[in-house]
Amino acid sequence: MPGEATATPIRTTVTLSAPNRGPDKAMPQRIEIESIDARARLSAAEVALLDEKRLLTTEELAGLAELPDQWVTSLAALAHQVRLAWCGPEVEIEGILSAKTGGCPEDCHFCSQSSRFDTPVKATPFLESGEVLAAAEETKALGASEFCIVLAIRGPDERTLQRILELVPLVRDTTGLNVAVSAGLLTAEQARRLAEGGVHRYNHNLETSRSFFSNVVTTHSWEEREDTCRLVRDHGMELCCGALIGMGETDAQRVELIGQLQELDPTEVPLNFLNPRPGTPLGNEQPVAAWEAIRWIAMFRLGLPGVILRYAGGREVTLRELQAMGMTSGINALIVGNYLTTLGRSADEDLQMLSDLRMPVAALTGVL
């Protein structure tokens, strides 16, 4: 357990914002369900996932999503058992670096890096190689096995692609870390070159379901994101494809997204919770309530039993003192240090949490 490592924050190129700690969203009203029915739904899910080792259908997931709040601890307990049975007890640690911040031409309504919105985050140049390498070394010192280079762009032009292809082997060979990249939409040729250049995982989040996507992004389509995800898989890279909870989507649309992720078969699913950013169209939204966040951590694990399910942005705002409970509700990976334009909590706190929970740190590969 790397609990003694120096907790140096991951470098960024912007002044990071403190979490928005406004009031939580009101808890959704759910129909009353008899206890015998709730137990039957949970029992059927347990048999399917632990005995039959099969994925739940979207209909089965929808039934679990309907369970009243008093059943969330039961959902979480089952999700933890599923995580142990399908993935084991280990936790994977990752650091991320915003290597090219701000100035993105896309209009993702949650993102302060869009050039279309008046936010405190302004465009900055691509970091120098030495800065990227220094951040990777800091990540390595925390006991991490993954380092993700993130760029705020629609997709890489040739010059940007060349810079990525220079950085990936430099970081990998110097630090021994697996190197992931997040650089937007890809062509087949770009995916091939990134795979051949040593990219371990490529991150491209769906964010939300197909039916809700146009409410939060209009400059590209959900299908374009799906196409890039399939290219990543087709060219042999591990796919990291995440979700962002709390943008106004319904329970049914969250279940829809889980089903769509089942079809894409990612290795990793980062689970983000909306941290409303000033100046963005979603800047006045309220964070998801903590108990609701626990429900959906469990739901994503029950729907995606074999993935690396990673704590990502917004967990500090949403879960607050319940972050350890999230680790026993299906999470088996986390980003340590800061995010792209917002502060995370100290790496020491996360490492202490894992030590307290007796969760060993290791590199993982999903089995879905």
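See the structure shown above.
On a predicted model such as this, the values are computed, not experimentally measured, just so you know.

Definitions and cut-offs
Residues numbered from 1 in each chain as written. Predicted model: local features only at pLDDT ≥ 70, side-chain atom pairs only at ≥ 80, totals over all residues. Heavy atoms only, no water. Helix = DSSP H or I, 4+ residues; strand = E, 2+ residues; numbered from the N terminus. Buried < 20%, exposed > 50% of the residue type's maximum accessible area, 1.4 Å probe, protein only. Contact = heavy atoms within 4.5 Å. Areas by Shrake-Rupley, 256 points an atom, 1.4 Å probe, with all protein chains shown as cover. Phe/Tyr/Trp six-rings, centres within 6.5 Å; stacked < 30°, edge-to-face > 60°. Lys NZ or Arg CZ within 6 Å of the ring centre and 35° of its normal. Salt bridge = Lys/Arg side-chain N within 4 Å of Asp/Glu carboxyl O. Expected span 1.5 Å × (residues − 1). Arc of directions from axis to C-beta.

J.: Is there a simple way to explain the overall build of the chain in this structure?
T.: Each helix and strand in the chain was counted, giving twelve helices and nine strands. Within the chain, the fraction of its 368 residues that count as buried is 57%. Looking at the chain alone, contacts between residues at least 24 apart form 80% of all its contacts between residues at least 6 apart. With an accessible surface of roughly 13,900 Å², the chain has 50% of that area assigned to carbon and sulfur atoms.

J.: Mind showing me how you'd approach the packing of aromatic side chains here?
T.: We describe a pair of aromatic rings using the distance from one ring centre to the other and the angle between the two ring planes. In this structure the tally under the stated criterion is zero aromatic pairs. The side chain of Lys53 reaches across the aromatic face of Trp86, ending 4.8 Å from its centre. It is Arg163 that lies over the ring of Phe126; its NZ or CZ is 4.6 Å from the centre.

J.: Please explain the pattern of salt bridges as it appears in this structure.
T.: Pairing between side chains of opposite charge can happen when the charged atoms of each approach one another. Enumeration according to the criterion identifies 33 salt bridges in this entry. Residue Arg30 pairs with Asp69 through a salt bridge whose shortest N-O separation is 3.9 Å. With Arg30 in the segment before helix H1 (35-51) and Asp69 in the loop between helix H2 (58-65) and helix H3 (72-87), the pair connects residues that are 39 residues apart, well separated along the chain. When the shortest N-O distance is used, the salt bridge between Glu92 and Arg201 registers 2.8 Å. Within this pair, whereas Glu92 is found in strand S1 (residues 92-100), its partner Arg201 is found in strand S4 (residues 201-203), the two being separated by 109 residues in sequence. The exposure class of Glu92 is buried, given its relative accessible area of 0%. Salt bridges here are not isolated pairs; linked through shared partners, they connect Arg30, Asp69, Glu249, Asp251, Arg254, Glu292 and Arg295.

J.: Please explain the side chain of Arg254 as it appears in this structure.
T.: The residue Arg254 is located in helix H8 (residues 251-264) in this model. Filtering out sequence-adjacent residues up to four positions away, Arg254 remains in contact with Ile245, Gly246, Glu249, Glu292 and Trp296.

J.: Explain H1 to me, please; I cannot follow it from the model alone.
T.: Owing to its 3.6 residues per turn, the α-helix brings residues three or four apart onto one side. If you check H1, its first and last C-alpha atoms are 23 Å apart, about what 17 residues at 1.5 Å a residue would give, namely 24 Å. Along H1, the positions that sit buried rather than exposed are Ala38, Leu42, Ala45, Ala48 and Leu49. When H1 is viewed along its axis, its buried side chains cluster within an angular range of 125° and face the same direction. What points out from H1, more than 90 degrees from its buried face, is the exposed set Ile36 and Asp51. Two residues or fewer past H1, Lys53 is found with a positive phi of approximately 55°.

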